[in-house]
Structure formats: C-alpha cells, structure tokens
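Chain by chain, the residues run as shown.
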Amino acid sequence: MITRFLIIVTIAWLPVRSLPAQGREPEMVFVSGGRFMMGDNAGDKDEKPVHQVVIKSFLIAKTETTVAQWADFCAATGRRMPEAPWFGQKEDHPVVNVSWDDAVAYCFWLNEKTGKHYRLPTESEWEFAARGGMKSKGYIYSGADKPDSVAWFSGRSKGTMPVAQKLPNELGLYDMTGNVWEWCSDWYDPGYYAISPEKDPTGPPQGIFYTLRGGAWDIGARNCRNTYRNPLSPTSRNHNKGFRVACSD
C-alpha cells in the first residue's frame, strides 16, 4: 500500500516536460484579409492620422500565450521559467515577465517544432484582428464598446486571470483587450501612420522601441482601446506584458 501511494504522489507531481507538448500548441483563428481604417483621430497623436490599410489573410492565436505553453518551451530548450509575479499564476494564465526577444525566441522554437511560420503579429494585423477583421462592428474595445464584458483591466482584477474567461470578439479571439499587453513585431515610430504603406505595413525599418497593444489587468480603460500604442524596449520584462502569436501558414 505504501508503494502504491508513493507512485500516485509521484504521478501527480510529474514535471511539465512529461506532458504532451502537441496538446499545448496555440489554437489559431483564421483572419480573412481585407481593408480597414487604422488609427483613431480622437486618440493620441501617434494614433493619427486614420489611414486605410489592406491586410492579407493570416492566422492569430485564439488566446495569449499561456504559462503552460511557455513551460513546454522552457522544458524543451533548457530555459528558466520567468520570475513568477507576486500575485501568483496557474498554467492557464497568460505568461508574463517575457521580453520581445523572449517572445521571438518562442516563435522560432515553434517553427522548428512544427515546420510552420509562427511570428509576432504586426501592429496592423493586431489592430485588424482586435477590431474583428471583416466582421468588425466598430467597437472601441475588442468585442465591445464597454470593456467590462471582454476585458480584465484596472480595478477589475488583482493580477492576470485565466485566458478566455471573458467574451470573445467578432472573430472568436479572447483577451485582445486587457489581461496582458501583447508584443507586436513592429518597431515603434510615433509618426509612422503619416507615411505607412497601404498594403501590409510592417513598421519602420529600425527604431529603439517595439510596440505593445491591448492594455493589461492593471491599466485604465482608455489605454486598453484597440488603437492605443505602447512603445517599450525589446529587453523589458514585467508583470503585465505577454504576447500572442500569429502565423503566415
């Protein structure tokens, strides 16, 4: 009986690497390409001018990258898990304390593992998807004009929350507003919208900061809008920044 009990305990505490990695690859949502008006003339200076953008079809993750998905990456590559935030997290929470560089490394690992082309979304792809793509109803936030039904933001939680607990947007994407900021692939330029190409813009060729989108659990509603842009150093990490992946295949 003692031996059997010990076996049961051991199984309960098996390390993350023993779980089937293929079961925790990102669930992707197809975003049909189209035209939209990017930016907000009533927003901050770097959200102007509103300009037409044409996006080709792509895939984007249904949720933000989770702690469990990140743990698979760390187990496979020998990386350390990021420092746990003070509020605590479980496997179904979005991973935090990851930099832009970390997020890109995760994408490279997924590509090697799957043979696909995972990457971070461009700002234009991210905003198009957050707005609901060609199914957009023109909401201020991703899926609603009032954020409470679709987002964890300042005053609504005391840390990150499990992904996909709020309502999705028109495309079935969760937490595009709130929970954690999401890294995009573009260098940040506050004046880029005035010179942005119409078709599939990818941002300026160089810069100092990369852009994050969507707001976070400790950020006020205004800065969680679909059009709000947040520049940050690619090496920066903290308790409210994560990411979701896109895919060109």
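Criteria and thresholds
- Sequence order sets the numbering: in each chain, residues are counted from 1 along the sequence as written.
- Given that the model is predicted, a residue must reach a pLDDT of at least 70 before its local features are reported, and side-chain atom pairs must reach 80 or more before they are shown or counted; all residues, however, enter totals for whole chains, interfaces and linings.
- Neither water nor hydrogens contribute to the side-chain values; these are computed over all heavy atoms in the structure.
- When accessible area is computed with a 1.4 Å probe and restricted to protein chains, residues below 20% of their type maximum are described as buried, those above 50% as exposed, and intermediate ones as partly exposed.
- Numbered from the N terminus, helices here are DSSP runs of H or I no shorter than four residues, and strands are runs of E no shorter than two.
- A contact between two residues is defined here by any heavy atoms of the two lying within 4.5 Å.
- The aromatic pairing rule takes the rings of Phe, Tyr and Trp, using the six-membered ring of Trp, and pairs them if the centres are within 6.5 Å, calling planes under 30 degrees apart stacked, those over 60 edge-to-face and the rest tilted.
- In this description, strands pair whenever DSSP reports at least two bridges between them.
- Structural elements are reduced to axes, namely lines fitted to C-alpha atoms, with helices fitted over the stretch in contact, and the angle between N-to-C directions of any two is expressed from 0 to 180 degrees.
- Just to be clear on terms, a salt bridge is a Lys or Arg side-chain nitrogen sitting within 4 Å of an Asp or Glu carboxyl oxygen.

Draft legend 1. Spotlight on helix α2 (residues 67-77). Most of α2 sits out of view: nine of its eleven residues are buried. Every buried residue of α2 is listed here: Val67, Ala68, Gln69, Trp70, Ala71, Asp72, Phe73, Cys74 and Ala75. Where α2 is buried, its residues contact α3 (100-114).

Draft legend 2. Structural context of the packing of aromatic side chains. According to the stated counting rule, one finds 14 aromatic pairs in the structure shown. When the ring of Phe36 is compared with that of Phe128, the centres are 5.1 Å apart and the planes differ by 40 degrees; the resulting orientation is tilted. One end of the pair, Phe36, is in strand β2 (residues 34-38); the other, Phe128, is in helix α4 (residues 123-130), with 92 residues separating them in the sequence. As far as burial versus exposure is concerned, Phe36 and Phe128 are alike and both buried.

Draft legend 3. Fine view of the sheet that holds strand β10 (residues 246-247). Reading across the sheet, the four strands line up as β1-β4-β10-β5 and stay open at both edges, with antiparallel pairing between neighbours. Whereas interior strands pair on both sides, the edge strands pair on one side only; in this sheet they are β1 (28-31) and β5 (118-119). Pairing of strand β4 (residues 58-61) with β10, which is carried by two bridges, proceeds in the antiparallel orientation. Counterpart to Leu59 in the pairing with β10 is Cys247. Its contacts with the sheet put α4 on β1, β4 and β5, and the angle it makes with β4 is roughly 75 degrees.

Draft legend 4. Focus on the pattern of salt bridges. One pass over the structure, following the stated rule, counts 15 salt bridges. Of the charged contacts in the structure, one is a salt bridge between Asp44 and Arg222, with a shortest N-O distance of 2.6 Å. Here Asp44 is found in the loop between β2 and β3 (51-55), whereas its partner Arg222 is found in the loop between β7 (210-213) and β8 (230-232), with 178 residues between them in sequence. Exposure remark for Asp44: the relative accessible area of 25% places this residue in the partly exposed category. The closest approach of N and O atoms between Arg79 and Asp102, which form a salt bridge, is 3.3 Å. With Arg79 in the loop between α2 and α3 and Asp102 in helix α3, this pair connects stretches of sequence that are 23 residues apart. Classification of Arg79 as partly exposed rests on a relative accessible area of 37%.

Draft legend 5. How the structure looks around the environment of Gly214. Within the fold, Gly214 resides in the loop between β7 and β8. Given a relative accessible area of 0%, Gly214 falls into the buried group. Between the C-alpha atom of Gly214 and that of Met176, which follows or precedes it by 38 residues, the distance is 5.7 Å. Beyond its immediate stretch of four places on either side in the chain, Gly214 contacts Trp126, Met176, Thr177, Gly178, Trp181 and Cys224.

Draft legend 6. A look at unusual backbone geometry. Between Lys48 and Pro49 the backbone carries a cis peptide bond, its omega angle lying at -5 degrees. Mapped onto the elements, Pro49 comes out in the loop between β2 and β3. Although it is not a glycine, Asn97 adopts a positive phi angle of roughly 60 degrees. As for its position among the elements, Asn97 is in the loop between α2 and α3. On the basis of relative accessibility, which here comes to 13%, the residue Asn97 falls in the buried class.

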